[in-house]
Amino acid sequence: DNKINRLEVKQDKRRMKSKRKTEEHAAFNGVFDSFTLVNLNKILSKGIINEFVGIISAGKEANVYYALGEEDVPLAVKIYKIDPQNTKWMKNYIIGDPRFKKIGTSTHKIIYTWCKKEFKNLTQMKRHDILVPTPLLSRDNILVMEFIGEENGTPAKRLKDIDELVNPIEEMNYILDQISKMYLNAHLVHGDLSEFNILYFKGKQIIIDVSQAVSIYHINAPVYLQRDIKNVLNYFSKFIDSKHVPDVKAVFEKILKNV
Ligand code: ATP
């Protein structure tokens, strides 16, 4: 009768899910190291991630996946590669940051710190009303965050891929304001801000890729801040008459004057 039927449907669902997971894991074999696989399994078994759907981006440092969480809520899962090549330059953005005193020497440890750093930076930015994906979990080299994009899993475009801006001056001022808030309120400097690391979705600009963001007390913070401002102004100057684009130094000094 109805009861049995429902039970069968439930069992079937579970079986399909477990089959799907096995297939997914087969697809991941050879891609991830055994540590990452163990952790992925733990996160999957806890139900934080229900299903990996597809890959959004394959980069040098990390891959980003589109996944579904509890109640099929869309997620972005960033998995950092355990690659010694990456740790060399990463150290420059970790050493000198008062939040990370002990980082260890192994490739694993440094990458785990890097991942935790991105989680902490996202949390700190979010707390100060900077528009970034909401961080949900970090475990070793795996970061789970809010997915920015369409309900069908299409990720938001990067600012770089947008042909036309409705109101470029407003968009520029918004990002300059985010940089200023990041410095003055969250006490952070992004360090790699450009049209490549800003998503554009439903008329909003969302800042991503914040792993390298440093504390304002980091020795290179002023250099990174100027570089971020320069990149952003460079990008917007393609859409805005130069007389409406401020000078890098003026923006920089205005921020520092408000400390
Ligand atoms: P790259 O090496 O290309 O700079 P990365 O390894 O530093 O990448 P991110 O820049 O954080 O990683 O992410 C890579 C890409 O994945 C982004 O350009 C963006 O298209 C997509 N992406 C990242 N986070 C999200 C998110 N929360 N929602 C939707 N898409 C995202």
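Refer to the structure printed above.
Throughout what follows, the structure given in this document is the object of discussion. All figures in this text were calculated on a predicted structure; none of them were measured in a lab.

A look at the nonpolar core
Item 1. With 58 residues, the main nonpolar core has Val77, Cys115, Met125, Met182 and Val189 as its most contacted residues.
Item 2. Sorting elements by how many residues they give to this core places helix H4 (residues 107-127) first, with eight residues.
Item 3. No fewer than three residues from each of domain 2 (32-146) and domain 3 (157-257) sit in this core.
Item 4. Sequence-distant contacts of Met125, defined by excluding residues within four places in its chain, comprise Ile130, Val132, Met182, Ala186, Leu188 and Val210.

Observations regarding helix H3 (residues 84-94)
Item 1. Every buried residue belonging to H3 is among Thr87, Tyr93 and Ile94, and all of these are buried. An end-on view of H3 places all buried positions within 110° of arc, on one side of the element. Exposed side of H3, more than 90 degrees from the buried face: Gln85, Lys88 and Trp89 are the residues found there.
Item 2. Contact partners of the buried residues in H3: H4 and strand S10 (214-215).

Here we look at the site of the ligand
Item 1. Close to the ligand lie 21 residues; Ser57, Gly59, Ala76, Pro133 and Asp209 are nearest.
Item 2. Of all the secondary structure elements, the ones that give two or more residues to the shell around the ligand are strand S1 (49-58), strand S2 (62-69), strand S3 (74-80) and strand S5 (142-146).
Item 3. When its residues are assigned to classes, the shell around the ligand shows 11 nonpolar, four polar and six charged.
Item 4. Summarising the domain contributions, the shell around the ligand has at least three residues from each of domain 2 (32-146) and domain 3 (157-257).

A look at the sheet that holds strand S9 (residues 204-207)
Item 1. Spatial ordering of the open sheet is given by S6-S8-S9, a layout of three strands whose pairing is antiparallel. The two strands at the open ends of the sheet, each matched to only one other strand, are strand S6 (157-158) and S9.
Item 2. Summarising the sheet, S6 and strand S8 (residues 198-201) pair through two bridges and their orientation is antiparallel. Residue pairing across strands places Lys157 opposite Tyr200, the latter belonging to S8.

Quick notes on the rules
All chains use their own residue numbering, which begins from 1 and follows the written sequence. Under the rules for a predicted model, residues below a pLDDT of 70 receive no local features and side-chain atom pairs below 80 are neither given nor counted, while totals for whole chains, interfaces and linings still include all residues. Joining buried Ala, Val, Leu, Ile, Met, Phe, Trp, Tyr and Cys residues through C-beta atoms within 7 Å gives a set, and that set is a nonpolar core. Whether a residue is buried, exposed or partly exposed follows from its count of other C-beta atoms within 10 Å of its own C-beta, namely 20 or more, 12 or fewer, or something in between, respectively; the C-beta atoms are built from the backbone. Think of it this way: any DSSP run of H or I at least four residues long counts as a helix, any run of E at least two long counts as a strand, and we number them from the N terminus. In this entry, domain limits derive from an automatic or database-based domain assignment. A residue pair is marked as a contact if its C-beta atoms, positioned from the backbone, fall within 7 Å. Note that the arc is defined by the directions from the helix axis to the C-beta atoms. Put plainly, near means the residue's C-beta atom, positioned from the backbone, lies within 6 Å of the molecule or strand in question. Residues were grouped as follows: Ala, Val, Leu, Ile, Met, Phe, Trp, Tyr, Cys and Pro as nonpolar; Asp, Glu, Lys and Arg as charged; and all remaining residues, including Gly, as polar. Strands are labelled as partners when DSSP assigns at least two bridges between them.

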